[in-house]
Amino acid sequence: MMAKAELGCAVAMVLCSTVFVACALGLHLPVVAFAAEDAKLVDATTGKLPREQCNLFKGRWIANPAGPAYTKASCKFIYASQDCMTNGRPDREYLYWRWKPYGCELPLSNAKKFLNSMRNKSWVFIGDSILTNQLASLLCLLSKGEEVTQDETYKTSRWHFPSHNFTLAAIWTPFLLKASDKVYNISIHLDVLDSAWASQYNDHDYVVIAGGHWFFKTAVFFENDTAIGCHYCRRTNLPNLPEIGSDFLYRKALQLAFRFILSSDHKPIVLFRTWTPDHFEFGEWYSGGVCNRTKPYREGEFSGDDVDRKMRGVEIEEFEKAVAVGMRNRTRIRLLDIYHLSLLRPDGHPGPYRRFHPDLSKKTQNDCLHWCLPGPVDAWNYIVMKMALTEGDMRYSS
């Protein structure tokens, strides 16, 4: 057992680290005595619970003869571009797998229990089209046998479950930052959050937030309303601006978003969803890349590409900094780490079946970034429901 002096030193080191991170994030924290229980809280908040043997994010895909929990016939919330079966995908094996964490089971039928626990609650999904891909999956899992009404406005959609007074909302904000509504030569302000989500943050009990992929688009970046650089500068007609890497830009966005979350008086449960890998092979989306595999990878068969690992590294670093501050002011930030389980599913993307019955004899663009519904994304939401239902005990790991 650790001696009292050693324990005191360890606790002091954690406190110093926390204060340092707070200063780096521009926050002010009271310097208080740090009890041994707080040291345990650090581990719990980052997902390292010694008493909990199950890590929901480590496991393997196993056969699921029962098949998916829903189809297009039973769910009206599937976007056409993700409705792979209706669009003519000929193989079906991708539908018959389920995620099995090592050391525990991941329930596949938590919908009723989840809805009962979420009476009078509101969730919001903040991010890009991959996050709306996930939200569509969750709506399909929850809406079976339930009345659902929809209210849609610009950049925001809301779905209401009247029998539980439960609301799901989506806010489209691919950068999390203030940005122009353009497809090319986008103007992005690295020092201003998108008010579309910041102004509604206080309205929700649970927040699911993610992003990153749009930082690979052609854009000009501003601070203090002054252009400081660009991405793909040769396409912006601003050759005198410096080129800024996507990883730097993503880090800036996360720092600003986490600073806002940590400093807010409103304390919802925040689930930060990690990077989602694509599975383009033999090219990118614009150069003939495909994703035509029909089975999951075996463990160790595929490790992703350098860009995915770099962007994921940025978000893990910034998440850990935010958690160090959040544990002191009771900001509840949790890691929804779906990177590895998604990495193993190259078979889960629409590919050419993002369109209705594509003519495969002609050159067609493949979607190897978004996911078929039903499909692997459903496992993300089974984990979300498990995390929400067990939040009191924090019985999950990152």
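Computed from a prediction, not measured in an experiment: that's the story for all the values here.

Basis of the calculations
Residues numbered from 1 in each chain as written. Predicted model: local features only at pLDDT ≥ 70, side-chain atom pairs only at ≥ 80, totals over all residues. Heavy atoms only, no water. Core = buried A, V, L, I, M, F, W, Y, C linked by side-chain atoms within 4.5 Å. Buried < 20%, exposed > 50% of the residue type's maximum accessible area, 1.4 Å probe, protein only. Helix = DSSP H or I, 4+ residues; strand = E, 2+ residues; numbered from the N terminus. Contact = heavy atoms within 4.5 Å. Disulfide = S-S within 2.5 Å. Axes fitted to C-alpha atoms, helices over the stretch in contact; angles between N-to-C directions. Parallel < 35°, antiparallel > 145°, perpendicular 65-115°, else oblique. Left-handed = near helix turned anticlockwise from the far one by under 90°. Nonpolar A, V, L, I, M, F, W, Y, C, P; charged D, E, K, R; others polar. Pairing = 2+ DSSP bridges. Polar contact = N/O pair within 3.5 Å; in protein donor to acceptor, adjacent residues only side chain to side chain. Expected span 1.5 Å × (residues − 1). Salt bridge = Lys/Arg side-chain N within 4 Å of Asp/Glu carboxyl O.

(A) Quick peek at the nonpolar core. Trp123, Leu142, Phe166, Leu168 and Ile383 are the most contacted members of the largest nonpolar core, which has 54 residues in total. When contributions to this core are tallied by element, the ones reaching two or more residues are helix 3 (111–117), strand 3 (122–127), helix 4 (129–143), strand 5 (156–161), strand 6 (166–172), strand 9 (206–209), strand 12 (269–273) and helix 9 (377–389). The residues touching Ile383, leaving out its near neighbours within four places in the chain, are Leu56, Phe57, Trp99, Leu106, Leu336 and Leu341. In terms of nonpolar packing, the next biggest core, distinct from the first, is built from 42 residues, Ile126, Leu193, Met311 and Tyr339 among them.

(B) Just unusual backbone geometry, in detail. With an omega dihedral of -5°, the bond running from Leu373 to Pro374 counts as a cis peptide bond. Along the chain, the position of Pro374 falls in the loop between helix 8 (339–343) and helix 9. Here Asn224, not a glycine, exhibits a phi torsion of approximately 55°, which is positive. Here Asn224 shows up in the loop between strand 10 (219–223) and strand 11 (226–231). Of the residues examined, Asn224 reaches a relative accessible area of 67% and is grouped as exposed. Here Arg330, not a glycine, exhibits a phi torsion of approximately 65°, which is positive.

(C) View of the state of the cysteines. Under the defined criterion, the tally for this structure stands at five disulfides. A sulfur-sulfur distance of 1.9 Å marks the disulfide that ties Cys54 to Cys104. Placement of Cys54 in the loop between helix 2 (36–45) and strand 1 (59–63) and of Cys104 in the loop between strand 2 (97–101) and helix 3 is noted, with a sequence separation of 50 residues between them. Taking the relative accessible area as the measure of exposure, Cys104 reaches 18% and is therefore buried.

(D) The packing of helix 6 (residues 246–263) against helix 7 (residues 306–329), seen in detail. Two numbers describe how helix 6 lies on helix 7: the axes approach to 10 Å, and their chain directions differ by 15°. Here helix 6 is positioned roughly parallel relative to helix 7, judged by the angle of their axes. Both helix 6 and helix 7 take part in a crossing whose hand is right-handed. Seen from helix 6, the contacting residues are Ser246, Asp247, Tyr250, Arg251, Leu254, Gln255, Phe258 and Leu262; seen from helix 7, they are Lys310, Met311, Val314, Glu315, Glu317, Glu318, Phe319, Lys321, Ala322, Val325, Gly326 and Asn329. Among the residues making up the contact of helix 6 with helix 7, the classes are represented as nine nonpolar, four polar and seven charged.

(E) Representation of the sheet that holds strand 9. Spatially, the seven strands line up as an open sheet ordered 4-5-6-3-9-12-13, and their pairing is mixed. Both outer strands of the open sheet, strand 4 (149–153) and strand 13 (332–336), are each paired with one neighbouring strand and no more. Going across the sheet, the axis of each strand differs from the next one's by a mean of 15°, ignoring polarity. Bridge count for strand 3 against strand 6 is six bridges, and the pairing is parallel. Within strand 6, the position partnered with Ser122 by the bridge is Thr167. Across the face of the sheet, helix 4 comes into contact with strand 3, strand 5, strand 6, strand 9, strand 12 and strand 13 while running at roughly 160° to strand 6. Sheet strands in contact with helix 6 are strand 12 and strand 13, and its direction is about 170° off that of strand 12.

(F) Representation of the side chain of Ser143. With respect to the helices, strands and loops of the structure, Ser143 is situated in helix 4. For Ser143, the side chain forms a polar contact with the main-chain oxygen of Leu139, separated by 2.7 Å. Those residues within four positions of Ser143 in sequence are excluded, and the remaining contacts are Phe77, Val148 and Phe161.

(G) Representation of helix 9. Between its first and last C-alpha atoms helix 9 spans 19 Å; for 13 residues at 1.5 Å apiece the expected length is 18 Å, and the two agree. The buried fraction of helix 9 amounts to 11 of the 13 residues, a majority that puts the element mostly inside the structure. Looking only at helix 9, the buried set comprises Val377, Asp378, Ala379, Trp380, Asn381, Tyr382, Ile383, Val384, Met385, Met387 and Ala388.

(H) Main features of the pattern of salt bridges. Under the defined criterion, the tally for this structure stands at 11 salt bridges. One salt bridge in this structure joins Glu317 and Arg251, with 2.9 Å as the shortest N-O distance. Of this pair, Glu317 sits in helix 7 while Arg251 is found in helix 6, placing the two residues 66 residues apart along the sequence. By relative accessible area, which is 40% here, Glu317 ends up partly exposed. Classification of Arg251 as partly exposed rests on a relative accessible area of 23%. Arg251 is the partner of Glu318 in a salt bridge, and the nearest nitrogen-oxygen pair spans 2.7 Å. Highlighted residues: Glu318 in helix 7 and Arg251 in helix 6, separated in sequence by 67 residues.

(I) Spatial organisation of the sheet that holds strand 8 (residues 186–193). Strand order in the open sheet formed by four strands is 7-8-10-11, with mixed pairing between adjacent strands. At either end of the open sheet lies a strand with only one pairing partner, and these are strand 7 (177–179) and strand 11. Here the average twist between neighbouring strands, direction ignored, is 30°. Both strand 7 and strand 8 contribute to a ladder of three bridges, which runs antiparallel. Opposite Leu177, over in strand 8, you have Leu193 as the bridge partner. The sheet strands contacting helix 6 are strand 7, strand 8, strand 10 and strand 11, and the helix crosses strand 8 at an angle near 40°.

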